[in-house]
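Notes for the structure review
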Amino acid sequence: MSEILIAVDLGPFSENVIRTGVELAGKMNTSVTLFTVIEIGIGLGLPEAGPVFTDDIQGRIKEAEDILQTYKNDYPDANINIQVTAGNPKNETLDQAHNGQTSILVVGTHGRTGLNHMLVGSTAEYIIRHARIPVLVVPYNKEDH
């Protein structure tokens, strides 16, 4: 059975990415997995939340699951699963997308450009370049904020 994997970072734009993916799933009559990664590591210029340096990985995973559950509750008629893992967002997302069940991966962009884009890097860009399945990119839209 194929499904749509919606990968989000739980930032403010996640709601738009999830809405787009769930609407697509409805049109395709398929299930959805809401997916996020709790980043573990160190470095400069990391995303807003930053990496986790504590031993409370399980607490952060539970917190992320609760947030995804809130999004899931917004779509009671959709067949939605929740998956949270810890590690490198790029690698974990691609591993999940390539599990053999996913037909389309939905990701969002932050709209970062220039130096900010260079420092932060682009998880979405990396995923697009390395995915072996179709990727739907939901562009950041300032009007949505």
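The rules we used
Residues numbered from 1 in each chain as written. Predicted model: local features only at pLDDT ≥ 70, side-chain atom pairs only at ≥ 80, totals over all residues. Heavy atoms only, no water. Core = buried A, V, L, I, M, F, W, Y, C linked by side-chain atoms within 4.5 Å. Buried < 20%, exposed > 50% of the residue type's maximum accessible area, 1.4 Å probe, protein only. Helix = DSSP H or I, 4+ residues; strand = E, 2+ residues; numbered from the N terminus. Pairing = 2+ DSSP bridges. Axes fitted to C-alpha atoms, helices over the stretch in contact; angles between N-to-C directions. Contact = heavy atoms within 4.5 Å. Arc of directions from axis to C-beta. Polar contact = N/O pair within 3.5 Å; in protein donor to acceptor, adjacent residues only side chain to side chain. Salt bridge = Lys/Arg side-chain N within 4 Å of Asp/Glu carboxyl O.

1. Focus: the nonpolar core
A general trend in soluble globular proteins is that nonpolar side chains are found buried together. Ranked by size, the top nonpolar core spans 21 residues in total, and within it Ile4, Ile6, Val17, Ile18, Val32, Leu34 and Val106 carry the most contacts. Secondary structure elements with two or more residues in this core: strand 1 (3-7), helix 1 (14-28), strand 2 (31-39), helix 2 (57-73), strand 3 (80-87) and strand 4 (102-108). Ala7, Phe35, Val37 and Leu105 belong to the second-largest nonpolar core, a separate cluster that totals 12 residues.

2. Comments concerning the sheet that holds strand 3
Strand order across the open sheet formed by five strands is 3-2-1-4-5, with parallel pairing between neighbours. Two strands lie at the open edges of the sheet, namely strand 3 and strand 5 (135-138), each paired on one side alone. Direction aside, neighbouring strands of the sheet carry axes that sit 25 degrees apart on average. Sheet strands in contact with helix 1 are strand 1, strand 2, strand 3, strand 4 and strand 5, and its direction is about 175 degrees off that of strand 1. Here helix 3 (residues 89-97) sits on the sheet in contact with strand 1, strand 2, strand 3 and strand 4, set at roughly 155 degrees to strand 2.

3. Examining helix 3
The periodicity of an α-helix, 3.6 residues per turn, causes residues three or four positions apart to be oriented the same way. What helix 3 keeps buried is the set Pro89, Thr93, Leu94, Gln96 and Ala97. The arc that holds the buried residues of helix 3, viewed along the axis, is 160 degrees, so those residues lie on one side. Put simply, Asn88 is the residue that caps the front of helix 3, since its side-chain oxygen is 2.8 Å from the backbone nitrogen of Lys90.

4. Quick notes on the environment of Lys62
Structurally, Lys62 is set in helix 2. Distance in space between the C-alpha atoms of Lys62 and Val84 is 8.4 Å, their sequence separation being 22 residues.

5. Some points on unusual backbone geometry
For Leu10, which is not a glycine, the phi torsion comes out positive at approximately 70 degrees. Relative to the elements of secondary structure, Leu10 occurs in the loop between strand 1 and helix 1. Take Leu10: its relative accessible area is 24%, and that puts it in the partly exposed class. Phi at Asn29 is positive, roughly 55 degrees, even though this residue is not glycine. Mapped onto the elements, Asn29 comes out in the loop between helix 1 and strand 2. The class for Asn29 is exposed, based on a relative accessible area of 76%.

6. Notes on the environment of Gln96
Mapped onto the secondary structure, Gln96 falls in helix 3. For Gln96, a relative accessible area of 17% corresponds to the buried category. Along the primary structure Gln96 and Thr85 are separated by 11 residues, whereas in three dimensions their C-alpha atoms are 9.7 Å apart. If near-sequence neighbours (up to four positions away) are discounted, Gln96 is found in contact with Leu5, Phe35, Gln83 and Thr102.

7. Structural notes on the pattern of salt bridges
Applying the stated criterion across every chain, the model contains two salt bridges. A salt bridge links Asp66 to Lys62, with the shortest nitrogen-to-oxygen separation between them at 2.7 Å. Residue Asp66 and its partner Lys62 are located together in helix 2, separated by four residues, close to a single helical turn. Arg129 is the partner of Glu125 in a salt bridge, and the nearest nitrogen-oxygen pair spans 3.2 Å. Here Glu125 pairs with Arg129, and both are found in helix 5 (residues 123-130), just four residues apart, close to one helical turn. Glu125 gets classed as partly exposed once you look at its relative accessible area, which sits at 33%.

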